[in-house]
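Take a look at the letters that make up each chain.
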Amino acid sequence: MNHAGEITPLTRLVRPDVAIITTIAPVHLEFFKSVDEIADAKAEIFLGLVAGGAAVIDRDNPQFARLKRSAAKADVARVIGFGEHARAEARLIRCALQPEGSTVEADIMGTRVAYKIGAPGKHLVLNSLAVLAAAQLAGADLALAALALAEQRPAAGRGTRIALAVPGGGALLIDESYNANPLSMRAAFALLGQAPVGARGRRIAVLGDMLELGAAGAELHRELAGAIRDNGIDIVFCAGPLMEALWQALPSERRGGYAKDAETLQAEVLAAVSGGDAVMVKGSFGSRMGSIVKGLVRRYPVPAASDLAPAQG
């Protein structure tokens, strides 16, 4: 969804029993005047709910009250909040974040469950609360649903981890090139901050423009500098006219390189990666950062096991 009115015909076609809104954030601002308008557009999903259906909404989000009012106007029978808020019906009790996943303890509508998630990130921990609430509302086996989350893996371009064989040893590539907005950028920085590095390894962010942000675009890019610092990211490469605002906001010791587009930046990134590094590539799909991911994989493929086997004679 990046315009008002897009969700309404789809939800009326599907007629869901449960509708989840994971979050409201300043994305697609090129087509909306405010975050309130984004919330209203996402709330269109409630219009197609069947009689007796339920809405599952982020209880920690500042737009929760607005979304709850929209659900009431749409005659939604039940609203379930999820998150860390004390009054969330699907509430996070505690979690332990690891580089490859997370362990979670939560209260899901009165039932305490402990489970593992097979992909890393606090954002996935919080979204899992909504998933389990929806499973409970749909009448599924809550314990089996929680157990299944251990099998979760990042989708292509949304956190996939790829080993690279670079000079000086192995490196980790985190492919986040499918999409980007200010909220998901910060989540990706947190993931990179947790990623393991070698003795001399660095955490490297390779960033392309976040698109569809309208007049606020340059400032929203500039504001990412604080999250880069807070997550201990060592080096940043930037591509695109909007990312120039972030580049200018970075201290000199964190500047890896800047170019007008991903294609021009690629050679500099490929030359910079060395053994022990963790490299995260992220940008909106239209910024074409996936080309840098492909370039890294082509240049530094990990040999297949058969290639490493000694010759037989």
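Residues numbered from 1 in each chain as written. Predicted model: local features only at pLDDT ≥ 70, side-chain atom pairs only at ≥ 80, totals over all residues. Heavy atoms only, no water.

**Concerning the packing of aromatic side chains**
Right, so step 1: All chains considered together, the criterion is met by two aromatic pairs.
Right, so step 2: Residues Y178 and F285 carry aromatic rings whose centres are separated by 5.6 Å and whose planes lie at 55° to one another, so their mutual orientation is tilted. In this pair, Y178 is assigned in the loop between strand 8 (169-176) and helix 6 (182-194) and F285 in the loop between strand 12 (278-282) and helix 11 (290-299), connecting sequence segments 107 residues apart.
Right, so step 3: In this structure Y178 comes out as partly exposed when scored by relative accessible area, which is 39%.
Right, so step 4: Exposure remark for F285: the relative accessible area of 58% places this residue in the exposed category.
Right, so step 5: Stacked on the ring of W247, the Lys or Arg R255 has its end atom at 5.2 Å from the ring centre. (Phe/Tyr/Trp six-rings, centres within 6.5 Å; stacked < 30°, edge-to-face > 60°. Helix = DSSP H or I, 4+ residues; strand = E, 2+ residues; numbered from the N terminus. Buried < 20%, exposed > 50% of the residue type's maximum accessible area, 1.4 Å probe, protein only. Lys NZ or Arg CZ within 6 Å of the ring centre and 35° of its normal.)

**Some thoughts on the sheet that holds strand 8**
Right, so step 1: Ordered in space as 7-8-12-9-10-11, the six strands form an open sheet in which the pairing is mixed. Bordering the open sheet on either side are strand 7 (160-166) and strand 11 (255-259), each of which pairs with just one other strand. Strand-to-strand twist in this sheet, taken as the mean axis angle between neighbours without regard to direction, amounts to 15°.
Right, so step 2: Both strand 9 (residues 203-208) and strand 12 contribute to a ladder of five bridges, which runs parallel. (Pairing = 2+ DSSP bridges. Axes fitted to C-alpha atoms, helices over the stretch in contact; angles between N-to-C directions.)

**Brief notes about unusual backbone geometry**
Right, so step 1: At R15, a position not held by glycine, the phi torsion is positive, near 55°.
Right, so step 2: Here R15 lies in the loop between helix 1 (7-14) and strand 1 (18-21).
Right, so step 3: The phi angle at D75 is positive, at roughly 60°, despite the residue not being glycine.

**Digging into the packing of helix 2 (residues 35-42) against helix 3 (residues 64-73)**
Right, so step 1: The contact between helix 2 and helix 3 brings their axes to 10 Å, and the two run at 35°. When you trace helix 2 past helix 3, the crossing you get is right-handed. Facing D36, A39 and D40 of helix 2, the residues of helix 3 in contact are R66, L67 and S70.
Right, so step 2: Residue composition of the contact of helix 2 with helix 3, by class: two nonpolar, one polar and three charged. (Left-handed = near helix turned anticlockwise from the far one by under 90°. Contact = heavy atoms within 4.5 Å. Nonpolar A, V, L, I, M, F, W, Y, C, P; charged D, E, K, R; others polar.)

**Overview of the sheet that holds strand 5 (residues 101-108)**
Right, so step 1: Read from one edge of the open sheet, six strands run 1-2-3-4-5-6, paired in mixed fashion. Where the open sheet ends on each side, the last strands, each with one partner, are strand 1 and strand 6 (111-117). Ignoring which end each strand starts from, the neighbouring axes of this sheet average 20° apart.
Right, so step 2: Bridging between strand 2 (residues 54-58) and strand 3 (residues 78-83) involves five bridges; their strand directions are parallel. Among the inter-strand pairings, V56 is bridged to a residue of strand 3, identified as I80.

**Thoughts on the packing of helix 10 (residues 262-272) against helix 11**
Right, so step 1: Relative orientation of the contacting elements helix 10 and helix 11 amounts to 35°, with a least axis distance of 9 Å. Note on packing geometry: the crossing formed by helix 10 with helix 11 is right-handed. Contacts between helix 10 and helix 11 involve A262, L265, Q266, V269 and L270 on the former and, on the latter, S291, I292, G295, L296, R298 and R299.

**Considerations on the confidence of the model for the protein chain**
Right, so step 1: The predicted model of the protein chain has a mean per-residue pLDDT of 93, with 97% of residues at 70 or higher.
Right, so step 2: When the criterion is pLDDT under 50, residues 306-313 qualifies, and its contacts beyond four places in sequence or with other chains add up to one contact. (pLDDT = per-residue confidence, 0-100.)

**Let's talk about helix 4 (residues 122-137)**
Right, so step 1: The terminal C-alpha atoms of helix 4, which comprises 16 residues, lie 23 Å apart, in line with the 22 Å expected from a rise of 1.5 Å per residue.
Right, so step 2: When we look at burial in helix 4, the residues that qualify are V125, L126, S128, L129, A130, L132, A133, A134 and A135.
Right, so step 3: Positive phi shows up at G139, right after helix 4, with a value of about 90°. (Expected span 1.5 Å × (residues − 1).)

**A few points about the nonpolar core**
Right, so step 1: Within the largest apolar cluster, 44 residues are counted, with the highest numbers of intra-cluster contacts made by F46, F189, L207 and L246.
Right, so step 2: Counting 22 residues, the second-largest nonpolar core is a separate cluster that includes V206, A259, A262 and Y300. (Core = buried A, V, L, I, M, F, W, Y, C linked by side-chain atoms within 4.5 Å.)

**Comments concerning the side chain of S102**
Right, so step 1: The residue S102 is located in strand 5 in this model.
Right, so step 2: Among the residues examined, S102 registers a relative accessible area of 2% and is labelled buried.
Right, so step 3: Discounting residues that sit within four places of it in the chain, S102 has contacts with A96, L97, Y115, K116, I117, A119, G121 and V125.

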